[in-house]
Every structure is written in structure tokens, then in C-alpha cells.
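A look at the structure
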Amino acid sequence: MDEPELIVRTDEAGIAQLILNRPNELNAWTYSLESAFFAALDAAAVDPAVRVVVVTGAGRGFCAGASFSLLGNGSAMERPDRARRRRLCELTEFAKPVIAAINGPAAGLGLALALSCDVRFAAAEAKLTTSFARLGLVAEHGVSWLLPRVVGFARANDLLLSGRTLTGTEAAEMGLVNRSVESGACLEEAMAYARMLVATGSPASWATIKRQLLNADRQTLSVAYEEAMILMEPALASADHKEGVRAFREKRSPQFAPLSSKHPV
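Bear in mind that the values here come from a model prediction, so they are computed numbers and not experimental data.

Brief notes about the sheet that holds strand E2 (residues 15-20)
An order of E1-E2-E3-E4-E6-E9 is seen for the six strands of this open sheet, with the pairing classed as mixed. Across the chains shown, the open sheet's two edge strands, defined by having one partner strand only, are strand E1 (6-10) and strand E9 (179-181). Here the strands of the sheet are splayed against their neighbours by 20 degrees on average, with no regard to which way each runs. Pairing of E1 with E2, which is carried by five bridges, proceeds in the antiparallel orientation.

See the structure below:
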């Protein structure tokens, strides 16, 4: 029996691991992997038991980009209808925190996948590259929007035009990833961070804050301030706020409710 291209594991803490499972090709992306990935993401979105998602790769790679079976072919005949395909940028709009554990090479689409996550951990020796220009392609999957917002315009220009390769250590130094860690400890560190989020944070607050961050890029400071004032009123009256205050006073971990399907995202 063939191994699934995506492994999904959810633990008792409410952390769902989405593990790209094509290790012989460094987890290069295929249309079938894409379908499995977004099906799992959709399931995590509506599962109240899932509070945080961690994305990583099996074996020694994170995601080496699009499979070469999809590249070098100018014809779109074998590609799924564009309307039926899913976009990596949906991760940025996902209501729950998504953490990337970049355990190995992340190139092209693989780097876009990591950039679309909220927080990124990278193995110190992992290799990260945009790679698009070196393959005669364009900055795909929203990278031209994501990358400057993560590392700044000048560094984004450098990384996209040169297609040069960074180590996880170099990526952390320029802010491309939040933290570089010892090789072999990447998933462990990402999971520890995820457990900290679950133990301390409100899922409803996370969903709202993620939406505020996306909106803020299109807003003036004044508009962002006014939006926060409008959002603060129901937040102050919420059960989560009351629980957070009680937990602080009682010096214990808060017991926040799972994200409601009615919560605006």
C-alpha cells in the first residue's frame, strides 16, 4: 500500500501536525498533495479540538518546491482547473495559528508555504531559497507580497532577483524565520511553542488579531486604531476576557473556549 502524501496527527493538546510525506523528493509539491493538504486544513478549521496547526516535512526536507513533474511543461492540459485549485495565501487568512517547522530545504513554492505561516522555526542548516528567477519563473504564490513584509523591500529584491540560498541561521538573522534551532530539534521547538500558545492564548483573540494584522496593511494608523476600538467593546464583555482576568488573579492557566464557528474571521 502506498504511503499517503500527507500525514495528519492531532494530539491531546489540540495541535494538528500536517506532515508533507514525499521524502524521496524532499516533499516536493504535487496537485494530489495540494488536495490532501487543503482538505486537512479545512477539517482543522471546523474541528473545535484543533487550536494550532504545525506544518513540517517528513525526512530531511520541508518542501523543495513544485515537483519537477509539474515543471518544464508549458502546457496546462494536465493541470487542474484554476478555479478548483487552492491558494497558499489561505494560510494567512486561516483563523487559527499556523507554525512552520522548516526541518530542511524550502525552495520556491516550499518557501512560499513557510512564508504563509504565522511563525517559522528553521533548522540551522536548512537551505531556503526563492529559486524562481533561476528557473525562468516569476515570484509565485504571493511571495512578492509576503516577502517584503517579512524581511523588507531591499532584502526581498535581493532574494528574489538572485535566487541565492540561505541557511536557517542566516534566515533568522534577517528575520525571514523567527528562530533557527539545532538540526533535528526543529519540530520539537515548534511543538513547544505551539503548546505554549494553547496553554496561554484565546482562540477567539488569535482569530481577531490575525485579521487585524491582515487589514492593517491596507489601513492608516488612524483607521487601525478605530477598528481596534470597535473590536475592543465586545472583547471586554466576552467570557474569554473574564476568564483571562480570573486566571491572572488566581495565578493559573486560563481555560479558554474553542473557536466558535460563529466567530467572524
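After presenting the structure, the write-up continues.
A closer look at empty space enclosed by the protein
Vacant regions in the atomic arrangement are exposed by a probe of water-molecule size rolled over the atoms. Applying the stated criterion to the full structure yields two cavities of 30 Å³ or more. Of the voids in this model, the second largest cavity is the one considered here, and its volume is about 40 Å³. Contributing to the lining of the second largest cavity are Leu111, Leu128, Thr129, Thr130, Leu159, Arg164, Leu166 and Leu176. Its residues placed into classes, the lining of the second largest cavity shows five nonpolar, two polar and one charged.

Here's the deal with unusual backbone geometry
Despite not being glycine, Leu26 shows a phi value in the positive range, around 50 degrees. Positive phi, normally seen in glycine, also occurs at Lys251, with a value near 55 degrees. Note that Lys251 resides in the segment after helix H9 (239-250). Residue Lys251 is classed as exposed on the basis of its relative accessible area of 76%.

Remarks on the sheet that holds strand E8 (residues 166-167)
Taken in spatial order, the three strands of this open sheet run E5-E7-E8, and their pairing is mixed. Strands at the two margins of the open sheet, each flanked by one partner only, are strand E5 (106-107) and E8. Sheet analysis places strand E7 (residues 127-129) next to E8, joined by two bridges and oriented antiparallel. Across the sheet, the residue bridging to Lys127 is Thr167, located in E8.

Criteria and thresholds
Residues numbered from 1 in each chain as written. Predicted model: local features only at pLDDT ≥ 70, side-chain atom pairs only at ≥ 80, totals over all residues. Heavy atoms only, no water. Pairing = 2+ DSSP bridges. Helix = DSSP H or I, 4+ residues; strand = E, 2+ residues; numbered from the N terminus. Axes fitted to C-alpha atoms, helices over the stretch in contact; angles between N-to-C directions. 1 Å grid on protein atoms, 1.4 Å probe; cavity = no way out; pocket = protein on both sides within 12 Å on 5 of 7 lines; lining within 4 Å. Points joined across faces, edges and corners; volume = space filled by probe spheres on them. Nonpolar A, V, L, I, M, F, W, Y, C, P; charged D, E, K, R; others polar. Buried < 20%, exposed > 50% of the residue type's maximum accessible area, 1.4 Å probe, protein only.

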